[in-house]
Amino acid sequence: MTRESQIHFENLRKEAEGYIELGMYQHALDLLQKLNRLFPTIDVGLLYLQGECLRVLDRCWEAWRILESVTSVHPGNVHVLVNLAWTQKRAGRVDLACDSIREALYFEPNNALLHFHVACYYSLLGDKRKSVDHLGRALVLDPTFHRLVPEEPDFDPVRNEPEFLHLLGRAA
């Protein structure tokens, strides 16, 4: 890529990032797709931004495909794995979303947000014990998550379980 092309590429990329910051995801996506046509060399950063735009636009299957390709190039990127899990959940594959968060936990075992997410996914999958275990871990790591639990619909399948109620300090 020539110096002039590189400058043009960076300017368009910054413009796309600006659209994202403004919440103009469709504009950003259009520009990112244009960048891919103009500069067909695979840029993982551009792919990630595309995946993010698609995720926010609730185009889960497309986002999933792109974010999965980013994880194959950057395994262990927790941020990408969390967003991949989000798309997998929205696409109806909670089992795979759970796997993606568990992979992220491998890299950041003391991340309260990851434990909270995996607790939600285990709840939806009907694994009460693992849901409560991970929620307990999240609450130990960051007690502020306690305030999120009552409003989180993902916990509805386990909400009345004695272990869940005990964890939250409520009598069964």
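Preceding this paragraph is the structure being described.
The present account deals with the structure reproduced in this document. (Residues numbered from 1 in each chain as written. Predicted model: local features only at pLDDT ≥ 70, side-chain atom pairs only at ≥ 80, totals over all residues. Heavy atoms only, no water.)

Let's shift gears to the pattern of salt bridges. The full count for this structure, using the stated rule, is nine salt bridges. The closest approach of N and O atoms between D133 and R129, which form a salt bridge, is 3.1 Å. Linking D133 with R129, this pair stays in helix α8 (residues 128-141), spanning four residues, or about one helical turn. For R129, a relative accessible area of 54% puts it in the exposed group. (Salt bridge = Lys/Arg side-chain N within 4 Å of Asp/Glu carboxyl O. Helix = DSSP H or I, 4+ residues; strand = E, 2+ residues; numbered from the N terminus. Buried < 20%, exposed > 50% of the residue type's maximum accessible area, 1.4 Å probe, protein only.)

Following the sequence through the fold, T71 ends up in helix α4 (residues 60-73). With relative accessibility at 13%, the residue T71 sits in the buried group. C-alpha separation for the pair T71 and L84, spaced 13 residues apart in sequence, amounts to 8.6 Å. Discounting chain neighbours no more than four positions away, the residues touching T71 are V80, L81 and L84. Side-chain polar atoms of T71 contact the backbone oxygen of E68, separated by 2.7 Å. (Contact = heavy atoms within 4.5 Å. Polar contact = N/O pair within 3.5 Å; in protein donor to acceptor, adjacent residues only side chain to side chain.)

A few words now on the state of the cysteines. A full pass over the atoms with the stated rule returns zero disulfides. Free cysteine C98: the closest other cysteine sulfur is in C120, separated by 10 Å. A relative accessible area of 1% means that C98 is categorised as buried. (Disulfide = S-S within 2.5 Å.)

Turning our eyes to something else, we now look at the side chain of R159. Topologically, R159 is positioned in the loop between α8 and α9 (162-167). The exposure class assigned to R159 is buried, which follows from its relative accessible area of 16%. Side-chain polar atoms of R159 contact the side chain of D156, separated by 3.0 Å.

Attention now goes to the environment of E52. If you trace the backbone, E52 turns up in helix α3 (residues 44-56). Spatially, the C-alpha atom of E52 lies 30 Å from that of V140, the residues being 88 residues apart in sequence.

Attention now goes to the packing of aromatic side chains. Using the criterion set out here, one finds five aromatic pairs in the structure. An aromatic cluster of three or more residues is present, and its members are F116, F145, F155 and F164. The lysine or arginine in question, R55, covers the ring of W86, its NZ or CZ lying 5.0 Å from the ring centre. (Phe/Tyr/Trp six-rings, centres within 6.5 Å; stacked < 30°, edge-to-face > 60°. Lys NZ or Arg CZ within 6 Å of the ring centre and 35° of its normal.)

Turning to the nonpolar core, a few remarks are in order. The biggest cluster of nonpolar side chains holds 28 residues, and the ones touching the most others in it are F116, Y121, L135, F155 and F164. Elements with a contribution of two residues or more to this core: α5 (78-90), α6 (94-107), α7 (112-125) and α8. With eight residues, α7 is the single largest residue contributor to this core. L32, L35, L46 and L49 belong to the second largest nonpolar core, which has 15 residues in total. (Core = buried A, V, L, I, M, F, W, Y, C linked by side-chain atoms within 4.5 Å.)

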